[in-house]
Amino acid sequence: MKRIGLYIFVALFVLLTACKQRQEERRVVTPWGEVQTDSIPSTDDFTLSDIVSNGELIMVTLSGPETYYDYHGRGMGAQFLLCEKFAQSIGVSLRVELCKDTMEMIRKVREGQADIIAYMLPDSISPADSLRFCGTTQNNGTQWAVSLSNKDLADALDKWYKPNMLADIKAEEQRLLTTATVKRHVYSPFLNRSTGVISKYDDLFRKYAPLARWDWRLMAAQCYQESCFDPNARSWAGARGLMQIMPATAAHLGLPMEDINKPAPNIQAAARYLQELSNAFRDIPNVSERQNFVLAAYNGGSFHVRDAMALTRKNGGNPQRWGDVARNMLLLKEPKGYQDPVVKHGYMRANETVDYVDKIRVRYAQYRGVPMGKLPSASGGKNYSPVEPRKAKRKNKYHV
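Per chain, the residues get numbers from 1 upward, laid out in the order the sequence is written. Note on the predicted model: pLDDT of at least 70 is required for a residue's local features to be given, and 80 or more for side-chain atom pairs to be given and counted; whole-chain, interface and lining totals, by contrast, use all residues. Side-chain measures were taken over the full set of non-hydrogen atoms in the model, leaving aside hydrogen atoms and water.

S.K.: Please give an account of the pattern of salt bridges that cites residues and values.
M.R.: The salt bridge definition used is simple: a Lys or Arg side-chain nitrogen within 4 Å of an Asp or Glu carboxyl oxygen. For the structure shown, the criterion picks out 16 salt bridges. With its nearest N and O atoms 3.5 Å apart, the salt bridge here joins Arg206 to Asp203. Taken together, the residues Arg206 and Asp203, both in helix α7 (residues 202-208) and three residues apart, mark about one turn of the helix. Note on exposure labels: buried denotes an accessible area under 20% of the residue type's maximum, exposed denotes more than 50%, and partly exposed covers the range between, all computed with a 1.4 Å probe on protein chains only. Its relative accessible area of 43% is what places Arg206 among the partly exposed residues. Given the relative accessible area of 59%, Asp203 is considered exposed. Between Asp283 and Arg306 there is a salt bridge; the shortest N-O distance is 2.8 Å. In this pair, Asp283 is assigned in the loop between α10 (263-280) and α11 (287-300) and Arg306 in helix α12 (residues 302-314), connecting sequence segments 23 residues apart. The class of Arg306 is partly exposed, set by a relative accessible area of 32%. Among the charged side chains, a salt-bridge network with shared partners connects Glu56, Arg95, Glu97 and Lys108. Strands are runs of DSSP state E lasting at least 2 residues, helices are runs of H or I lasting at least 4, and numbering of each runs from the N terminus.

Right, dumping it as structure tokens:
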């Protein structure tokens, strides 16, 4: 009898402990306080109200010029910009997740890992019965899609979208990508050529360029390319000051926004950023070559530069020589390039970055008073001569 009583006691103890654990597990701590677990939806499907409550819409798409790409730290691409406007209309932020192919996008939406496919899917796609097509529509029947169970989100998209929106977005994107949206004064590349004075900020370049172990004249050449020596220059993407520093980069470098247009703090922060990038490309042994890679990363992002290096290696070039890498970087404008398995970050407007490096090198040669000769360029093998660019004839104070 004693043994039976002991078994009963143990069984009751285990049962009571389990009940207590279940009661404790019914409550969890979240960023907004302690809540019961049964108050959290058990389904993976996020309805429109769930998305609004959560404050985030998750979009999946493929990398490309029409869909999504990173441009100077700003998301671009007509499908992304359109989805961003929809997210703004319902008062939530937008998160982008790039997928490898169409089936990965469909799987993520089906499994509740994403809310919307912002990519023009044909309505014949299989398995179509798991998706609900909605939103933007093209003449060939392609549309965006959400989970079949997410009718509220599809209805909201259909109600919000108007036929002219996509064309308007593309026109807006084209406007943003033109230099007309970069406001800066036009100054000569030389303040006084005869005395060798480049700008009134020469002392600051001399002071801070050593942080990056650069010739101060190279940093001056980069500054002219960025802002034409205008401390109040500002791009549509939010880059500010002489060295066109993005707000996110300023925060990373500890540069307060109230100081971002001040010449000394702006140049100092840029020099520290150049030093950071130089350290990131220490695998480029030749110092002059490394500077080209750093300039390219400053303009187009180090991740795109690494993609171009990987593509160069795959295509039999030298990934430590800028001429080879620049030629392969231009391939990132085309699907064959940005969809290559070795490319991790997709499409880029590579011609801008290649031209950026070339122009700075040409101006640097001018500042040193040394003929440039032929550049190891990917932009057609041009013969550049160190001739001072023609001054703008327009009276408009903005460089366009």
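S.K.: Give me the lowdown on the sheet that holds strand β6 (residues 93-98), citing residues and values where you can.
M.R.: Spatial ordering of the open sheet is given by β6-β3-β7-β9-β8, a layout of five strands whose pairing is mixed. Strands with a single pairing partner mark the edges of an open sheet, and in this sheet they are β6 and β8 (131-137). Within this sheet the neighbouring strands show an average axis-to-axis angle of 30°, counted without direction. For two strands to be treated as a pair, DSSP must find no fewer than two bridges joining them. Taken together, the two bridges between strand β3 (residues 56-61) and strand β7 (residues 116-121) define a ladder with parallel strand orientation. If you follow Val60 over to β7, its bridge partner there is Ile117. Against the sheet, helix α4 (residues 102-110) engages β3, β6, β7, β8 and β9 (143-147), with an angle of about 145° to β7. The contact definition used throughout considers only heavy atoms, calling two residues in contact when any of these lie within 4.5 Å. What counts as an axis is a line fitted to C-alpha atoms, over the stretch in contact for a helix, and the angles between N-to-C directions run from 0 to 180 degrees. Set on the sheet, helix α5 (residues 151-160) makes contact with β7, β8 and β9; between it and β8 the angle comes to about 15°.

S.K.: Talk me through the packing of α12 against helix α13 (residues 322-329); I want residue IDs and the actual numbers.
M.R.: Where α12 contacts α13, the axes come no closer than 8 Å and their chain directions differ by 100°. In terms of orientation, α12 lies roughly perpendicular with respect to α13. The residues of α13 that touch α12, namely those facing His304, Val305, Ala308, Met309, Leu311 and Thr312, are Asp324, Val325, Asn328 and Met329. Amino acid classes used here: Ala, Val, Leu, Ile, Met, Phe, Trp, Tyr, Cys and Pro are nonpolar; Asp, Glu, Lys and Arg are charged; the rest, including Gly, are polar. Looking at the contact of α12 with α13 residue by residue, the class counts come to six nonpolar, three polar and one charged. Put simply, angles under 35 degrees are roughly parallel, angles over 145 are roughly antiparallel, angles from 65 to 115 are roughly perpendicular, and the rest are oblique.

S.K.: Explain the pairing of β3 to me, and be specific about the residues and the numbers.
M.R.: Most of β3 is tucked away, with five of its six residues classed as buried. Here β3 runs beside β6; their pairing, made up of six bridges, is parallel. Across the sheet, the residue bridging to Glu56 is Ser93, located in β6.

S.K.: How would you sum up helix α15 (residues 350-368)? Please name residues and give values.
M.R.: Here the expected span of a helix is defined as 1.5 Å times the quantity of residues minus one. Taking 1.5 Å as the rise per residue, α15 with 19 residues should run 27 Å; its terminal C-alpha atoms sit 28 Å apart, in good agreement. Of all 19 residues making up α15, 14 are buried, and the element is well covered by its neighbours. A positive backbone phi angle near 75° is found at Gly369, which sits one or two residues after α15.

S.K.: Could you give an account of α4, naming the residues involved and the relevant values?
M.R.: Spacing of three or four residues puts side chains on the same side of an α-helix, whose turn is 3.6 residues. Regarding α4, the residues found buried are Glu104, Met105, Ile106, Lys108 and Val109. Against β3, β6, β7, β8 and β9 lie the buried residues of α4. For α4, the side-chain oxygen to backbone nitrogen distance between the N-cap and Met103 is 3.3 Å, and the N-cap itself is Asp101. Looking one or two residues beyond α4, the residue adopting positive phi is Gly112, at roughly 80°. The definition of a polar contact used here is a pair of N or O atoms within 3.5 Å, where within protein one atom must be able to donate a hydrogen and the other to accept one, and adjacent residues in sequence count solely through side-chain atom pairs.

S.K.: A description of the packing of aromatic side chains should follow, citing residues and the corresponding values.
M.R.: Each pair of aromatic rings taken from Phe, Tyr and Trp, with Trp reduced to its six-membered ring, is defined by centres within 6.5 Å and is described as stacked if the planes are under 30 degrees apart, edge-to-face if over 60, and tilted in the remaining cases. Under the definition given, this model contains eleven aromatic pairs. Aromatic ring contacts, followed pair by pair, group Tyr69, Tyr71, Trp236, Tyr338 and Tyr347 into a single cluster. One residue, Arg206, lies across the ring of Trp216, its end atom 4.2 Å from the ring centre. The ring of Tyr364 has Arg368 sitting right over it, with the charged end atom 4.3 Å from the ring centre. When the NZ atom of lysine or the CZ atom of arginine is within 6 Å of a ring's centre and also within 35 degrees of its normal, the charge is said to sit over that ring.

S.K.: For the nonpolar core, give the residues involved together with the corresponding values.
M.R.: Here, nonpolar core means buried Ala, Val, Leu, Ile, Met, Phe, Trp, Tyr and Cys residues that are tied together by side-chain atoms lying within 4.5 Å of each other. Formed by 57 residues in total, the largest nonpolar core has its most connected members in Phe205, Met219, Ile245, Tyr298 and Met329. Of all the secondary structure elements, the ones that give two or more residues to this core are α7, α8 (216-227), α9 (247-253), α10, α11, α12, α13 and α15. Grouped together as the second largest cluster of nonpolar side chains are 28 residues, Val92, Cys134, Trp160 and Tyr161 included.

S.K.: Pulling in residues and values, what's your account of the pairing of β9?
M.R.: In terms of burial, β9 is a largely internal element, five of the five residues being buried. Both β7 and β9 contribute to a ladder of two bridges, which runs antiparallel. Residue pairing across strands places Leu121 opposite Gln143, the latter belonging to β9. Relative to β9, β8 is paired through five bridges, and the arrangement is antiparallel. Opposite Cys134, over in β9, you have Trp144 as the bridge partner.

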